[in-house]
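# Close look at the chain arrangement
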Amino acid sequence: MQLSGGASDALMTTDAMIVLKDISKTYKVGPSTVRAVEKVDLEIPRGQMVSIVGHSGSGKTTLLSLIGGLTKPSDGRVIIDDINIWTLSDKEMSQLRNEKIGFSFQFASLFPTLNAIDNVRLPATFGSKNESDHDRAIELLNLVGLEDRIYSYPGQLSGGEQRRVALARTLMNKPRLILADEPTGDLDEDTEADILEIFRTINGEGVTIVIVTHSRAVASQAQRMLRMHRGLLSEEEE
Amino acid sequence: MKRLGLLYLAAQNLRRKPFRSFVTIAIVALAAGTLFSATLLIGSVDRSLEVGMERLGADLLVVPEGYQESGQAALITGAPTSFYMDGSILDQVKTVPGVDQASPQLFIESMVSSQCCTGHVQLVGYDPSSDFVVSPWLRDNLQRTLSKDEVVIGSLILANKGEQVHFYGHDFDVAGVLDATGMGVDESVFMSLDTAYLMARESAQVAESPLDVKPGQISSVLVKMADGTNVDQLTQRIKTNVPGTTVITANELSRSVTDRISGFKRGFIAVDAIVWIMSLLTIAAIFSMIVNERQREIGLLRAMGSSRQFVFRLMLTEAVFLTAAGGIAGIFVGGAALFIFKAIITSSLGIPYLWPPVLTFVKLMAITMILAIVSGAVASLYPALSSSRLEPYAAIRRGE
Ligand SMILES: Nc1ncnc2c1ncn2[C@@H]1O[C@H](COP(=O)(O)OP(=O)(O)OP(=O)(O)O)[C@@H](O)[C@H]1O
Ligand SMILES: [Mg+2]
């Protein structure tokens, strides 16, 4: 099964999927300023699998959100697939997220009112493609080993099962870029290995992947490892 | 299989909190139901008045002094009465300047002792030679006058054309049934004056309780004014020229109903305004709560690529779902309540009542629904807007 979209379309002017230029994100909390991400410069080529490690509170989730356009940088530019994303309208930005980016969140992120398959189909709702999404959703649930829980609601699934449904949802629209925040956070080693295998397969199809992780095993799978420390980003040498 | 849509998502969200959804629907139903039923009631009274006045066909009624009230009651709600004056009054009225046509009527209270069962009815004797109320109807519908064993009945008398009714030991054939007016006419039975006198005379022999009506007696004189006559001046002239009488004008008759209903109208407007405002505020409050609770989900939707506009529409749709359901429930419950309690309401307020034509019904339903839907949209506008403005990451974090 093809998990991702075809090799990217027109206007491929650089090899970079992600370019962060002098990105900072600060929060004002009372009189003090929290520097969650500070002056980060980063370039991730298409098709690369990158892991980000770092202590709790070092700014990893904030960085992923900046890459995905979920939060506006206090300073600097975010360029995804050669598009300076903060020059886009809300509609264009939403479309970009919908078609190109797959988010996988740190916490359980399923919609309690929808069953597994409807949760997986959700991203297709916002797209402009008119093809039936049902079959693809089933395939993806198969892929994550939940073919017999298609109609279960999140409340009827274990934490690990919910994470796998969420992963299937991440892949729904065949994203060219996957931003995964601790995708194997509370999973046993076997399930972690399964999920890693899926990431590797997708990466093999040319999808760019950024994984935030605490797991050595996961981090070591990446072609490149980055470390966040108090909002600062550095390359981790092998 | 179809794609998930806005409506499906909205419906799923509402099912999550059934009690809250139910309460919202109930509040809107209360507002919509009050509006629907009260407007229907008022409209029905107006319509009844219009139709009833046309059927009455007279500009004013001359009745014995002191019987103005009971005369009005008889005309409006059909409360049976009997009062009599001498037949010579008719000739006196005819001579008053400004009177174009004048025709006598005789009122006789009766119990119905036939298949029909409304209890009291008002028997009305009219004079075929001068009458301008029943005769035109007979001309249009029967193309003849009534024989001495025939009557025409109001729409509420439970008998059909061709059946028989009995009064004071007499059998009568029902020659026709008048259209509904919602007013006293509906509970009246019309016969010619001669028939009425004959029935009265023979009642001494054949009826259980004989009638004390002498030939020549009448109850009222219906008057049509000459063109260009002033009602008030004519009323005054009749009162002075014909001693022992008083006058009920058609205007007065409508006004007495309008007055009775105007207090109700004011009260209803106040109550319904309050209920609508309350339901708007409640919906606004509930949807602010919903937006708060669902911040994380809204953030997630945005991360998956839903636009601001979609989030906005989703919230608005949820609200409109609820208020539309409230509107439908209100129309049903309000309509049913009016249907069930109509008799009590009309008799306690002393007002006539006639259900409006279907088109009016439909219009009123449409207006109620539009109002309910617009209310939902307006009340949820601000919460929906603020939910769509949330920054996805902030929304996701704050909902944690
Ligand atoms: N909205 C906010 N207001 C103030 N401070 C914030 C806000 N969001 C994040 N921060 C701060 O920014 C810093 C980075 O947070 P972030 O969630 O990115 O860390 P993280 O590396 O993902 O941590 P973890 O491994 O625990 O998930 C933290 O100190 C956090 O308290
Ligand atoms: Mg984090």
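The structure we're discussing is the one just above.
Residues numbered from 1 in each chain as written. Chains lettered and ligands numbered in written order. Predicted model: local features only at pLDDT ≥ 70, side-chain atom pairs only at ≥ 80, totals over all residues. Heavy atoms only, no water.

## Describing the coordination of the magnesium ion (ligand 2)
Residues and elements named next belong to chain A.
- Distances from the magnesium ion (ligand 2) to its protein donors, Thr61 (OG1) and Gln106 (OE1), fall at 1.9 to 2.5 Å. Placement of Thr61 in helix α1 (residues 60-67) and of Gln106 in the loop between β6 (101-104) and α3 (116-125) is noted, with a sequence separation of 45 residues between them.
- Among the residues examined, Gln106 registers a relative accessible area of 35% and is labelled partly exposed. (Donors = N, O, S within 2.8 Å, 3.2 Å for Na, K, Ca; no water. Helix = DSSP H or I, 4+ residues; strand = E, 2+ residues; numbered from the N terminus. Buried < 20%, exposed > 50% of the residue type's maximum accessible area, 1.4 Å probe, protein only.)

## Some details on unusual backbone geometry
Residue and element names in this part refer to chain A.
- Located in the positive-phi region is Asp22, a residue other than glycine, with phi close to 55 degrees.
- You can see Asp22 is positioned in strand β1 (residues 16-29).
- For Lys174, which is not glycine, the phi torsion reads 50 degrees and is therefore positive.
- One can find Lys174 in the loop between α5 (159-171) and β7 (177-181).
- The partly exposed category is assigned to Lys174, whose relative accessible area is 24%.

## Things to note about the interface of chain B and chain A
- Counting residues at the interface gives 28 residues for chain B, matched by 37 residues for chain A.
- Between chain B and chain A, the buried area comes to about 2900 Å², and carbon and sulfur atoms account for 59% of it.
- Between Asp90(A) and Arg308(B) there is a salt bridge, and its shortest N-O distance comes to 4.0 Å.
- Summed over the shared surface of chain B and chain A, the number is 10 residue pairs in polar contact (both at pLDDT 80 or more).
- Secondary-structure elements contributing two or more residues to the side of chain B that touches chain A are α1 (6-16), α9 (295-303), α10 (308-349) and α12 (392-398) of chain B.
- Looking at the side of chain B that touches chain A, the element that brings in the most residues is α9(B), giving six residues. (Contact = heavy atoms within 4.5 Å. Buried area = accessible area lost by both parts, 1.4 Å probe. Salt bridge = Lys/Arg side-chain N within 4 Å of Asp/Glu carboxyl O. Polar contact = N/O pair within 3.5 Å; in protein donor to acceptor, adjacent residues only side chain to side chain.)

## Details of a negative patch on the surface
Residue and element names in this part refer to chain A.
- A cluster of acidic side chains, namely Asp188, Glu189, Asp190 and Asp194, defines a negative patch on the protein surface.
- One can find Asp194 in helix α6 (residues 189-204).
- Judged by relative accessible area, Asp194 falls into the partly exposed class, the value being 49%. (Patch = residues over 30% accessible without salt bridge, like charges linked within 9 Å, V, L, I, M, F, W, Y side chains within 5 Å. Areas by Shrake-Rupley, 256 points an atom, 1.4 Å probe, with all protein chains shown as cover. Lys, Arg positive; Asp, Glu negative; His and termini not counted. Charge placed at Lys NZ, Arg CZ, Asp CG, Glu CD.)

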